[in-house]
Amino acid sequence: MVVAIEWVRNPRPHIRLIDQTVLPGAVQYLEITTVTDLVAAIQSLAVRGAPALGAAGALGVVVAMNQGEQEGWDEAELQRNVDLVRDARPTAVNLAWGVNEVRHAIPEGADRVLELAQRVVDEDGAANRELSRLGADWILDATGREQVRVVTHCNTGALATTAWGTAYGIIHELHERGRLGLVYADETRPLLQGSRLTSWELTQDGIDHVIQADGAAASTILRGLVDVAIIGADRITANGDTANKVGSVTLALACERAGIPFVVAAPYSTVDAGTATGEDIHIEERAALEVLELGGVRTAPATARAFNPAFDVTPHDLISAIVTEQGVVVPARSGGGALFADLVNQ
Ligand code: MRU
């Protein structure tokens, strides 16, 4: 399985990232030793996906401490640089969460911060394994299908996490149980995380799939070609509203109409219980050229402008189940109330 992000000690301490901007054409790695390079890697999506961003945040504090040590930063400068990592992208709560999991230990030294950051990395992998088992159980029960046909959006596999994946992890788990039918992977405009990354991972795992244009997804669902939609999450608010890659809500609306489950899968680190509803989520808007160009070639008229939100919010009442390693919650049953206060396995 590919490792998207890890800490390497020798010959010099650094974060090793697989550069997701050049996949699947090339498998290249970045060695990150400065805050500037880490922020650039996060913003260019060389490292991406909410749980991988959590790891980048936690390990990024170690990078800042090492750089600060070499360059003689005072405490204020170190904290400013840690803030730069935390704020590199706004929507996935995991990034700030990862930073906050370790920054309180800065006075205890870089070794202690690295130990805590490594825990963030390891616990994410374990969480993904567990939520994948729970999600597969829930979906097999809910659909009653021998072979479950799935539609998914964006990339939620090992590349987007520290190991195994979330929505992708459930798909992988169904595959290992011999219970997976055809997977429809949305190409995921404008940066093609589905066709570039998810298809690459599915191919490596020997999972039968087709790539479809995002615009095909609702019709695929309404035509009865899939039994469930499974997506990841960048932020899940207290009432279950869920931010994920733009285009996700289209699947949710179609699933409701078709009467099939729409499932959100994420480690509990993606739950932002301090934010009440999806209306309070800061949705990242990215560069216009991502929409106006294809592969660096202008496809839109020279004067055309673009609207490029990177995420959308699916209201909780369109979500059939939210799967974390701590259990499965059914937002519709909570009436929008304190969804995660009383987490129970369904
Ligand atoms: O802009 P990206 O590629 O970071 O967006 C990623 C997604 O929206 C994923 O679905 C989400 O982070 C979950 S990854 C397990």
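Source: prediction; values computed, not measured. (Residues numbered from 1 in each chain as written. Predicted model: local features only at pLDDT ≥ 70, side-chain atom pairs only at ≥ 80, totals over all residues. Heavy atoms only, no water.)

**Quick word on the overall build of the chain**
Now for step 1: The number of helices and strands found in the chain is eleven helices and 16 strands.
Now for step 2: Taking 20 Å as the expected radius of gyration for a compact globule of 346 residues, we find that the chain reaches 20 Å, a close match to that expectation.
Now for step 3: Principal-axis analysis of the C-alpha atoms places the extent of the chain at approximately 60 × 55 × 40 Å.
Now for step 4: Here the analysis covers contacts within the chain between residues at least 6 apart in sequence; of these, 73% occur between residues at least 24 apart.
Now for step 5: Surface exposure of the chain reaches about 14,100 Å², of which carbon and sulfur atoms provide 49%.
Now for step 6: Taken together, the 26 basic and 45 acidic charged side chains of the chain have centroids lying 4 Å from each other. (Helix = DSSP H or I, 4+ residues; strand = E, 2+ residues; numbered from the N terminus. Rg over C-alpha atoms; globule rule 2.2 N^0.38 Å. Contact = heavy atoms within 4.5 Å. Areas by Shrake-Rupley, 256 points an atom, 1.4 Å probe, with all protein chains shown as cover. Lys, Arg positive; Asp, Glu negative; His and termini not counted. Charge placed at Lys NZ, Arg CZ, Asp CG, Glu CD.)

**Section: the site of the ligand**
Now for step 1: In the region of the ligand, 18 residues are neighbours, and Arg48, Arg89, Asp234, Asn244 and Lys245 sit closest.
Now for step 2: One of the backbone nitrogen or oxygen atoms of alanine 50 is found 2.8 Å away from an oxygen atom of the ligand.
Now for step 3: Arginine 89 is positioned with one of its side-chain polar atoms (N or O) 2.8 Å from an oxygen atom of the ligand.
Now for step 4: When the ligand sits alone it has 420 Å² of accessible area, and the protein chains cover 100% of it.
Now for step 5: Of all elements in the fold, only α2 (50–71) and β9 (242–245) reach the threshold of two or more residues within the shell around the ligand.
Now for step 6: Here the shell around the ligand spans two domains, and each of domain 1 (5–123) and domain 2 (144–345) adds at least three residues to it. (Near = heavy atom within 4 Å. Polar contact = N/O pair within 3.5 Å; in protein donor to acceptor, adjacent residues only side chain to side chain. Domains from an automatic or database assignment.)

**Notes on the sheet that holds strand β2 (residues 14–18)**
Sheets are built from strands that pair by backbone hydrogen bonding, the pairs being arranged parallel or antiparallel.
Now for step 1: Across the sheet, three strands lie side by side as β1-β2-β3; this open sheet has antiparallel pairing. Of all strands in the sheet, those bounded by a partner on one side alone are β1 (5–8) and β3 (29–32). On average, adjacent strands in this sheet sit at an angle of 25 degrees to one another, irrespective of strand direction.
Now for step 2: The pairing of β2 with β3 spans four bridges and is classified as antiparallel. Along β3, the bridge assignment pairs isoleucine 18 with tyrosine 29. (Pairing = 2+ DSSP bridges. Axes fitted to C-alpha atoms, helices over the stretch in contact; angles between N-to-C directions.)

**So, the sheet that holds strand β11 (residues 271–272)**
Now for step 1: The four strands are arranged β11-β8-β9-β14 in an open sheet whose pairing can be described as mixed. Looking along the sheet, the strands with just one partner apiece sit at the ends: β11 and β14 (311–314).
Now for step 2: With two bridges connecting them, strand β8 (residues 235–237) and β9 associate as antiparallel partners. Bridge pairing in β9 links arginine 235 to alanine 243.

**Some remarks on the domain arrangement of the chain**
Now for step 1: We note that the domain assignment places domain 1 (5–123) and domain 2 (144–345) within the chain.
Now for step 2: Here the C-alpha centre of domain 2 lies 25 Å away from the C-alpha centre of domain 1.
Now for step 3: Contacts between the two partners involve 23 residues from domain 1, matched on the other side by 27 residues from domain 2.
Now for step 4: When domain 1 packs against domain 2, the two sides together hide about 2,100 Å² of surface, and 56% of this comes from carbon and sulfur.
Now for step 5: Looking at the side of domain 1 facing domain 2, the largest losses of area belong to Arg48, Thr91 and Val93, adding up to 29% of the total buried there.
Now for step 6: Viewed at the interface, domain 2 and domain 1 are joined by one salt bridge.
Now for step 7: In this structure, arginine 89 and glutamate 284 form a salt bridge, with 2.8 Å as the shortest nitrogen-oxygen distance.
Now for step 8: At the junction of domain 1 with domain 2, the criterion picks out 15 residue pairs in polar contact (both at pLDDT 80 or more).
Now for step 9: Those elements that place two or more of their residues in the side of domain 1 that touches domain 2 are α2 and α4 (93–103).
Now for step 10: Per-element tally for the side of domain 1 that touches domain 2: the top contributor is α2, with four residues.
Now for step 11: Grouping the amino acids of the side of domain 1 that touches domain 2 by side-chain chemistry returns 15 nonpolar, six polar and two charged. (Buried area = accessible area lost by both parts, 1.4 Å probe. Salt bridge = Lys/Arg side-chain N within 4 Å of Asp/Glu carboxyl O. Nonpolar A, V, L, I, M, F, W, Y, C, P; charged D, E, K, R; others polar.)

**Details of the side chain of threonine 270**
Now for step 1: Looking at the element boundaries, threonine 270 is found in the loop between β10 (262–265) and β11.
Now for step 2: Threonine 270 gets classed as buried once you look at its relative accessible area, which sits at 0%.
Now for step 3: Look past the residues within four positions of threonine 270 in its chain and what remains in contact with it is Val93, Asn94, Ala233, Asp234, Arg235 and Ile236. (Buried < 20%, exposed > 50% of the residue type's maximum accessible area, 1.4 Å probe, protein only.)

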